[in-house]
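Now for the letters of each chain:
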Amino acid sequence: MSIDSSKVESVAILARLKVNEHELPDYVNSLSSILDLVDTMQAVDTSNVEPLANPLDASQRLRADVVTESNQRDALQANAPKAEQGLFLVPKVIE
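What this report covers is the structure whose coordinates are included nearby. Owing to the predicted nature of the structure, the values given are computational and were not obtained by experimental measurement.

Quick look at the overall build of the protein chain
And step 1. Per the secondary structure count, the protein chain includes three helices and two strands.
And step 2. Its helices and strands in sequence order give the protein chain the pattern α-α-α-β-β, from N to C terminus.
And step 3. Radius of gyration (C-alpha) of the protein chain: 29 Å, far over the 12 Å computed for a compact globule of 95 residues.
And step 4. Counting over 95 residues, the protein chain shows a buried share of 8%.
And step 5. At a minimum sequence separation of 6, the contacts of the protein chain that also span at least 24 residues come to 33%.
And step 6. Approximately 9,500 Å² of the protein chain is accessible, and the part contributed by carbon and sulfur atoms is 55%.
And step 7. Side-chain charges of the protein chain comprise 8 positive and 15 negative groups, with the mean position of each set lying 15 Å from the other.

Re a nonpolar patch on the surface
And step 1. A surface patch of nonpolar side chains, about 320 Å² in accessible area, is lined by Tyr27, Leu31, Ile34 and Val38.
And step 2. As for its placement among the helices and strands, Tyr27 is situated in helix 2 (residues 24-42).

Here's the deal with unusual backbone geometry
And step 1. In the Ramachandran plot, Arg16 falls in the positive-phi region, its phi being about 60° despite a non-glycine side chain.
And step 2. As for its position among the elements, Arg16 is in the loop between helix 1 (5-14) and helix 2.
And step 3. Classification of Arg16 as exposed rests on a relative accessible area of 73%.

Some remarks on the environment of His22
And step 1. Tracing the chain through its elements places His22 in the loop between helix 1 and helix 2.
And step 2. Judged by relative accessible area, which is 62%, His22 ranks as exposed.

Rules used in this analysis
- Residues numbered from 1 in each chain as written.
- Predicted model: local features only at pLDDT ≥ 70, side-chain atom pairs only at ≥ 80, totals over all residues.
- Heavy atoms only, no water.
- Helix = DSSP H or I, 4+ residues; strand = E, 2+ residues; numbered from the N terminus.
- Rg over C-alpha atoms; globule rule 2.2 N^0.38 Å.
- Buried < 20%, exposed > 50% of the residue type's maximum accessible area, 1.4 Å probe, protein only.
- Contact = heavy atoms within 4.5 Å.
- Areas by Shrake-Rupley, 256 points an atom, 1.4 Å probe, with all protein chains shown as cover.
- Lys, Arg positive; Asp, Glu negative; His and termini not counted.
- Charge placed at Lys NZ, Arg CZ, Asp CG, Glu CD.
- Patch = residues over 30% accessible without salt bridge, like charges linked within 9 Å, V, L, I, M, F, W, Y side chains within 5 Å.
- Salt bridge = Lys/Arg side-chain N within 4 Å of Asp/Glu carboxyl O.

Shape is all these values report; function is a separate question.
Structure representation (structure tokens):
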């Protein structure tokens, strides 16, 4: 798929990018080669290829889901200016 300079200019306007006239041919060539590569990749038959969640086919090491700390709510709320029924009370900021 080839792209022309008017397309590049319109995309640059939409993306709010400033493209100088002397840089325009480089952008046209680069974007055309990228689109050609995408066309080539889309032509490949991938019907027998299973999708991968991870290219290395590895699994993550997970830690056990156990409680490792004791409940310190009362000790932490002792320093709070205001606390009630286990909740921190803060000033209203939205009227």
